[in-house]
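Report on the structure
Read off the chains here:
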Amino acid sequence: MPRGWNDGARGRIYGVRNMVYGLLAVILPTLVIAHPHSAASQTMLSCAGRSDVVNFLDRNFAEKLTAVGLVNQNAVLEVYAAESGTWTLVVTDVHGISCILLSGDSWETMPALPGLAT
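Residues numbered from 1 in each chain as written. Predicted model: local features only at pLDDT ≥ 70, side-chain atom pairs only at ≥ 80, totals over all residues. Heavy atoms only, no water.

In this structure, glutamate 63 sits in the loop between α3 (50–61) and β2 (64–72). Notably, glutamate 63 is buried but unbridged: the nearest opposite-charge side chain belongs to lysine 64, and the N-O separation is 10 Å. A polar atom in the side chain of glutamate 63 sits 2.8 Å from the side chain of threonine 86. Reaching out from glutamate 63, the side chain makes a polar contact with the backbone nitrogen of tryptophan 87 at a distance of 3.3 Å. Those residues in contact with glutamate 63 that lie beyond four places of it in its chain are Leu57, Asp58, Tyr80, Ala81, Ala82, Thr86, Trp87 and Thr88. (Helix = DSSP H or I, 4+ residues; strand = E, 2+ residues; numbered from the N terminus. Buried < 20%, exposed > 50% of the residue type's maximum accessible area, 1.4 Å probe, protein only. Lys, Arg positive; Asp, Glu negative; His and termini not counted. Salt bridge = Lys/Arg side-chain N within 4 Å of Asp/Glu carboxyl O. Polar contact = N/O pair within 3.5 Å; in protein donor to acceptor, adjacent residues only side chain to side chain. Contact = heavy atoms within 4.5 Å.)

Taking strand neighbours across the sheet as the criterion, the five strands line up as β1-β5-β4-β3-β2 in an open arrangement whose pairing is antiparallel. Where the open sheet ends on each side, the last strands, each with one partner, are β1 (47–49) and β2. Within the sheet, the average angular offset between the axes of one strand and its neighbour, ignoring direction, is 30°. Inspection of the sheet shows strand β4 (residues 87–93) paired to strand β5 (residues 97–104) by six bridges, in the antiparallel sense. Opposite tryptophan 87, over in β5, you have glycine 104 as the bridge partner. Along the sheet face, α3 touches β1, β2, β3 (75–81), β4 and β5 and points at about 105° away from the line of β1. (Pairing = 2+ DSSP bridges. Axes fitted to C-alpha atoms, helices over the stretch in contact; angles between N-to-C directions.)

This is the structure:
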């Protein structure tokens, strides 16, 4: 067979693959943005002083600090969760401003893995 015989089919496959990736790149962020959020993110502004955010989550949802991690030298990631299963993901910067990123329900606490320091 002559060289380049299958190039047309290969080009169509790569073209379809690129189109699918392009559609996913548009659809997935749209779904995340359009996804209905819990009352916590609908009721208050997305950012406020940390103490205001913590008090709001405690008072309205009985959510307590469950997990924390350093994002970089300028921010801390916090997860607040309640026994009812609601949860809120908050990022707090070095100036004490907290922003609610995500919230949801059905939070489950997982046991620590063996050999993993906690």
